[in-house]
Amino acid sequence: MPARSPAKKKPRLAPEQIEELKEAFILFDVDDSGAIDYKELKAALKALNIKVPKEELRKMITDVDADASGSIEFPEFLKMMTAKMGEFQNGCKKMPKALREYEAFLELKRTIDDFIETLPLVESLAHPCMRSRHWTQLMSVTGRHLAVSADSFKLQTLLEADLLEFSDDVEDITNSAMKELHIEEKLQLVTEEWGDCPLSFSQFKTRGPIVLKGSDTAELMEKLEETQMALGAMMASRYIVPFKDEVGSWITKLSTVSEILEQWVQVQAMWMYLEAVFTSGDIAKQLPQESKRFHTIDKNWEKIMSKAFETRHVVQYCFGNDVLKNLLPHLLEQLEVCQKALSGYLDQKRASFPRLYFVSNEVLLELLSQGSNPEAVQAHLSSIFDSIASITFDKADRTKVVSMASSEGQSIDLLTPVKAEGNIEDWLNNLLTTMQKTVNSVVQAAALDCESMDVEPFTHKYPAQVSLLGIQFIWTPDSEDALFRSKTEKGVMNATNRKNMNRLNDMIATNMKTDDVLREHGKWTRMKIETMITVDVHQRDVFEEIVRKKIKDPDDFEWAKQARFYWQVEGEHASVSIADVNFNYCNEYLGVKSRLVITPLTDRCYITLSQALGMFLGGAPAGPAGTGKTETVKDMGCTLGKYVVVTNCSDQMDYRALGGIYKGLAMSGCWGCFDEFNRIELEVLSVAAQQVASVLNAIREDQASFMFTDGHEVTLDKEVGFFIPTNPGSAGRPDMPHN
């Protein structure tokens with residue numbers, strides 16, 4: 001019998017494989033109601049035996065659902081979820097192609113992708129900047145009710161709101177929330193900073209804390225300005241709407257505080273300035289009505305400051321304080337009335353003694369307040385006189401000034417004592433007149449002695465400026481006499497030259513002595529002799545040049561262009577001639593000054609400036625910085641015994657300040673040297689030109705007095721001179737107008 005082939009066995013599935021297959025049917029949406037082809041089943045099982053089995057696939061779906069039901073209260077959880085979604089996404093990418101065809105895979109991938117896109121929106125909604133108004137906007141956009149404050153509000157709630165559908169609107173809402181948070185934080189800082197910002201006070205004399213502390217108040221005003229700018233920037237923002245009322249309120253408060261503080265500081269400055277004036281008896285007696293007015297102002301000021309000291313907080317005290325707001329402008333107005341009366345009073349004093357125009361109002365007030373104490377005036381003498389640093393009072397009568405001294409210690413006894421009593425401007429005027437008479441009398445005595453005395457004893461006998469004049473008195477007539485006689489006497493020029501050389505050698509020999517020997521005649525003696533040598537060397541060189549050029553006529557320009565010194569016996573005064581212009585020596589006490597080494601350029605400057613003055617004009621030396629323009633003007637002033645007032649100009653000077661100086665110069669006859677004149681604004685220079693022109697026109701017309709540009713009648717001293725050293729073409733300085 002042929003063997004029976006064994007019957008084919010049907011494959012049998014283990015129970016666990018059957019359960020696995022059922023789950024696969026469910027997972028992959030396979031219909032199990034009909035017969036299943038074995039090959040199809042085998043393919044399905046093969047598909048399940050992959051590196052990522054179905055359990056992992058199910059776990060990923062389950063994790064997504066589990067995470068979606070989490071709370072929104074933890075921002076760090078969102079970061080963890082983002083990382084996990086990244087892992088899920090990478091896992092999907094690693095699945096084989098066979099699995100990617102199933103609907104379950106596609107659903108999973110879509111779920112993960114949507115979730116990843118939704119997470120940034122969720123994260124932005126979880127930011128602390130979100131306020132109830134923003135959630136209200138979100139509910140309006142999505143059409144979903146979101147119970148944000150309820151415990152049941154979960155992440156799943158947001159996911160169900162279809163945020164991706166409204167992603168642009170959500171981003172707008174969250175962006176606005178961030179910007180508004182920035183404004184809110186800044187506004188909170190403003191509230192904290194100014195809610196209790198204090199005022200700072202300082203003691204004033206012995207009257208207690210009745211003034212605002214300067215440095216702290218300046219910082220407060222600077223901080224106030226910065227805060228106002230910040231609030232203005234907030235108000236300009238498109239995100240200001242929720243805070244518009246609050247920001248507007250702070251802008252109103254701080255602008256009011258700023259306005260009041262500015263007035264407050266201005267009133268305080270004027271009050272402190274005038275308080276020193278009207279509490280001093282001398283000025284208060286001269287201005288009784290203004291003194292009474294200031295007394296009322298003073299009482300109101302004390303009330304303001306005492307209440308401020310009690311309150312302390314700047315916003316609390318300044319904002320809404322109608323009394324302060326109305327009182328400060330009134331006080332300022334009253335103080336300006338006092339100030340105007342005081343200015344008129346000071347102008348009267350200056351008109352009585354014009355050199356007071358050269359000092360500031362503060363210095364003048366201090367001088368006037370010391371009227372009953374003349375010894376206290378000494379600190380300011382150097383601002384009024386060229387070289388008087390101190391004055392000596394009679395030991396028996398402390399109101400009599402008996403001598404004057406320079407800063408070097410050289411002193412001269414006054415011709416007659418000056419009584420320092422009464423109005424200060426009156427006795428200062430007497431001191432000026434007596435000083436000039438004293439110097440003139442000493443020069444007169446020296447003019448007689450210089451011919452008969454040897455150089456060394458003559459030098460030690462007289463003050464520095466007079467000793468210098470003495471050798472110039474000798475040189476000028478000797479040289480002119482030699483020029484006159486040179487046409488008839490052959491050796492006279494050489495003889496005069498030798499005489500000049502001998503005099504110079506005598507001074508050099510004196511200067512060679514030890515300091516101890518020279519100090520017996522005063523510690524300034526060496527400087528005095530060196531100055532005399534400097535000038536006499538120039539005189540020797542000038543005469544040697546005349547001899548070399550064989551000049552034999554005293555009218556020759558080579559001689560006439562030199563500074564020539566004469567003692568006028570009839571007029572009893574010294575005079576100086578440069579070319580065809582004659583100057584009276586002005587007898588200002590010059591102390592012990594060193595003089596410039598005279599170069600050919602210095603000579604040309606002297607000639608040019610003297611010609612300008614002779615034609616009733618001013619001088620404008622021009623040249624680079626540091627070449628000695630101002631020093632040349634000052635040295636020429638010393639040559640003529642003039643007080644040269646040097647003013648360092650700046651762009652802060654106005655026409656009133658310049659006008660005061662011009663009036664002082666015109667009335668006193670001093671020279672004015674205006675350094676850096678082209679720094680002044682062009683508008684001011686134009687007015688200054690008219691002011692100077694009014695003075696020069698009056699000199700040209702030989703008037704004793706004239707009408708100044710401010711409408712005041714001004715007396716005129718024709719010895720006045722105006723000089724403006726300039727540095728043309730210098731960077732940052734405009735060219736001056738032609739007038």
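Scoring rules and cut-offs
Residues numbered from 1 in each chain as written. Predicted model: local features only at pLDDT ≥ 70, side-chain atom pairs only at ≥ 80, totals over all residues. Heavy atoms only, no water. Helix = DSSP H or I, 4+ residues; strand = E, 2+ residues; numbered from the N terminus. Buried < 20%, exposed > 50% of the residue type's maximum accessible area, 1.4 Å probe, protein only. Areas by Shrake-Rupley, 256 points an atom, 1.4 Å probe, with all protein chains shown as cover. Pairing = 2+ DSSP bridges. Axes fitted to C-alpha atoms, helices over the stretch in contact; angles between N-to-C directions. Contact = heavy atoms within 4.5 Å. Patch = residues over 30% accessible without salt bridge, like charges linked within 9 Å, V, L, I, M, F, W, Y side chains within 5 Å. Salt bridge = Lys/Arg side-chain N within 4 Å of Asp/Glu carboxyl O. Lys, Arg positive; Asp, Glu negative; His and termini not counted. Charge placed at Lys NZ, Arg CZ, Asp CG, Glu CD. Parallel < 35°, antiparallel > 145°, perpendicular 65-115°, else oblique. Nonpolar A, V, L, I, M, F, W, Y, C, P; charged D, E, K, R; others polar. Core = buried A, V, L, I, M, F, W, Y, C linked by side-chain atoms within 4.5 Å. Polar contact = N/O pair within 3.5 Å; in protein donor to acceptor, adjacent residues only side chain to side chain. pLDDT = per-residue confidence, 0-100. Left-handed = near helix turned anticlockwise from the far one by under 90°. Expected span 1.5 Å × (residues − 1). Arc of directions from axis to C-beta. Phe/Tyr/Trp six-rings, centres within 6.5 Å; stacked < 30°, edge-to-face > 60°.

Helices and strands together make up the secondary structure of the chain, namely 27 helices and 13 strands. For the chain, the residues scored as buried account for 45% of the 739 residues in total. Summing over all exposed atoms, the chain offers an accessible surface of approximately 38,900 Å²; the carbon and sulfur share of this is 51%.

It is worth spelling out the sheet that holds strand 7 (residues 573-578) at this point. Taken together, three strands build an open sheet; the order of strands is 6-7-8 and the sheet is antiparallel. Two strands lie at the open edges of the sheet, namely strand 6 (563-568) and strand 8 (581-584), each paired on one side alone. The average angle at which neighbouring strand axes cross in this sheet is 25°, direction not considered. Summarising the sheet, strand 7 and strand 8 pair through four bridges and their orientation is antiparallel. Pairing of Ser577 across the sheet is with Asn582, part of strand 8. Along the sheet, helix 17 (residues 424-449) contacts strand 6 and strand 7; its crossing angle with strand 6, the most-contacted strand, is approximately 95°.

For the rest of this paragraph, the subject is a negative patch on the surface. Side chains of Glu219, Glu222, Glu225, Glu226, Glu259 and Glu262 sit close together on the surface and give a patch of like negative charge. Those elements that place two or more of their residues in the negative patch are helix 10 (214-235) and helix 11 (244-278). Counting residues per element, the negative patch draws most heavily on helix 10, at four residues. Structurally, Glu222 can be placed in helix 10.

What follows deals with the packing of helix 15 (residues 322-352) against helix 16 (residues 361-369). Direction vectors running N to C along helix 15 and helix 16 enclose 75°, while the axes themselves pass 11 Å from each other. Between helix 15 and helix 16, the interaxial angle falls into the category roughly perpendicular. Residue-level inspection shows Leu342, Tyr345, Leu346, Lys349 and Arg350 of helix 15 in contact with helix 16, the latter providing Asn361, Leu364, Leu365 and Leu368. Residue composition of the contact of helix 15 with helix 16, grouped by class: six nonpolar, one polar and two charged.

As a further point, take the pattern of salt bridges. Scanning the entire structure with this criterion turns up 29 salt bridges. The partner of Asp449 in a salt bridge is Lys461, and the shortest N-O contact between them spans 2.7 Å. Of this pair, Asp449 sits in helix 17 while Lys461 sits in helix 18 (residues 455-461), and the two are twelve residues apart along the sequence. Two residues, Lys561 and Glu558, come together in a salt bridge whose shortest N-O distance is 3.5 Å. Residue classification places Lys561 among the partly exposed positions, given a relative accessible area of 22%. Relative accessible area serves as the criterion here: at 22%, Glu558 is assigned to the partly exposed category. Among the ionic contacts, a cluster of salt bridges with common partners joins Lys205, Arg207, Glu275, Asp298 and Glu302.

Moving on to the nonpolar core. Membership of the largest hydrophobic core comes to 116 residues, with the highest contact counts inside it found for Trp194, Trp264, Val314, Leu342, Phe385 and Leu428. Top element by residues in this core is helix 11. It accounts for 14 residues. Not counting the four nearest positions on each side in its chain, Val314 is found in contact with Trp194, Cys197, Leu199, Leu220, Val257, Leu261 and Phe319. Val645, Leu658, Val684 and Leu685 belong to the second-largest nonpolar core, a separate cluster that totals 30 residues.

What follows deals with the sheet that holds strand 5 (residues 411-419). The three strands are arranged 3-4-5 in an open sheet whose pairing can be described as antiparallel. Every interior strand has two partners, whereas the edge strands, strand 3 (390-393) and strand 5, have only one. Sheet twist, expressed as the mean angle between neighbouring strand axes with direction ignored, is 30°. Helix 17 contacts strand 3, strand 4 (400-405) and strand 5 of the sheet and is inclined by roughly 135° relative to strand 5.

When you line up the elements, Thr459 lands in helix 18. Classification of Thr459 as buried rests on a relative accessible area of 3%. A polar atom in the side chain of Thr459 sits 2.7 Å from the backbone oxygen of Val455. Leave out the neighbours within four places in its chain, and Thr459 touches Ser467, Lys528, Ile529 and Met532.

We now examine the confidence of the model for the chain. Any residue range with low pLDDT should be treated as having predicted coordinates unsuitable for detailed reading. For the chain, the average pLDDT comes to 82, and 78% of its residues sit at 70 or higher. Residue range residues 1-11 is modelled with pLDDT below 50. Its contacts to residues more than four positions away, or to other chains, number one contact. Here residues 48-58 scores under 50 on pLDDT; set against residues more than four positions off or in separate chains, the count is 15 contacts.

Here the focus is the packing of helix 11 against helix 15. Between helix 11 and helix 15, whose axes approach to 9 Å, the crossing angle comes to 35°. Considering how the two elements wind past one another, helix 11 and helix 15 form a crossing that is left-handed. Between helix 11 and helix 15, the contacting residues are Ile260, Gln263, Trp264, Gln266, Val267, Met270, Trp271, Tyr273, Leu274, Val277 and Phe278 on the first element and Leu324, Lys325, Leu328, Pro329, Leu331, Leu332, Leu335, Glu336, Cys338, Gln339 and Leu342 on the second. The residue makeup of the contact of helix 11 with helix 15, split by class, is 17 nonpolar, three polar and two charged.

Time to look at helix 10. Over its 22 residues, helix 10 runs 31 Å from end to end, which matches the ideal 32 Å to within 8%, given 1.5 Å per residue. Among the residues making up helix 10, those that are buried are Thr217, Leu220, Leu224, Thr227, Leu231 and Met234. Buried positions in helix 10, seen along its axis, are confined to an arc of 90° and lie on one side of it. Helix 10 presents Gly214, Glu219, Glu225, Met229 and Ala233 as exposed residues on the side facing more than 90 degrees away from its buried surface.

You can see Glu480 is positioned in helix 19 (residues 464-485). Setting aside anything within four residues of it in sequence, one finds Glu480 in contact with Trp559, Arg564 and Tyr566.

Attention now moves to unusual backbone geometry. Positive phi, close to 75°, is recorded for Arg312, a residue that is not glycine. By the secondary structure assignment, Arg312 is in the loop between helix 13 (288-311) and helix 14 (314-318).

Our focus in this paragraph is the packing of aromatic side chains. Taken as a whole and judged by the stated rule, the model has 13 aromatic pairs. Centre to centre, the rings of Tyr662 and Phe722 are 5.7 Å apart; their planes meet at 80°, and the pair counts as edge-to-face. Highlighted residues: Tyr662 in helix 26 (residues 655-668) and Phe722 in strand 13 (residues 721-723), separated in sequence by 60 residues. The exposure classification of Tyr662 matches that of Phe722, with both residues buried. A ring pair is formed by Trp671 and Phe723, whose centres lie 4.8 Å apart and whose planes are at 55°; its orientation type is tilted.

Looking at the element boundaries, Ser306 is found in helix 13. For Ser306 and Val211, which are 95 residues apart along the polypeptide, the C-alpha to C-alpha distance reads 9.7 Å.

Moving on, we come to the pairing of strand 7. In terms of burial, strand 7 is largely enclosed, as five of its six residues are buried. When strand 6 meets strand 7, the two strands line up antiparallel, connected through six bridges. Looking at strand 7, one finds that Gln568 is bridged to His573. The turn joining strand 6 and strand 7, which pair antiparallel and follow one another in sequence, is formed by four residues; a positive phi near 50° is taken by Glu572. In sequence, strand 7 turns back onto strand 8 through a hairpin of two residues, with Ala579 there showing a positive phi of about 60°.

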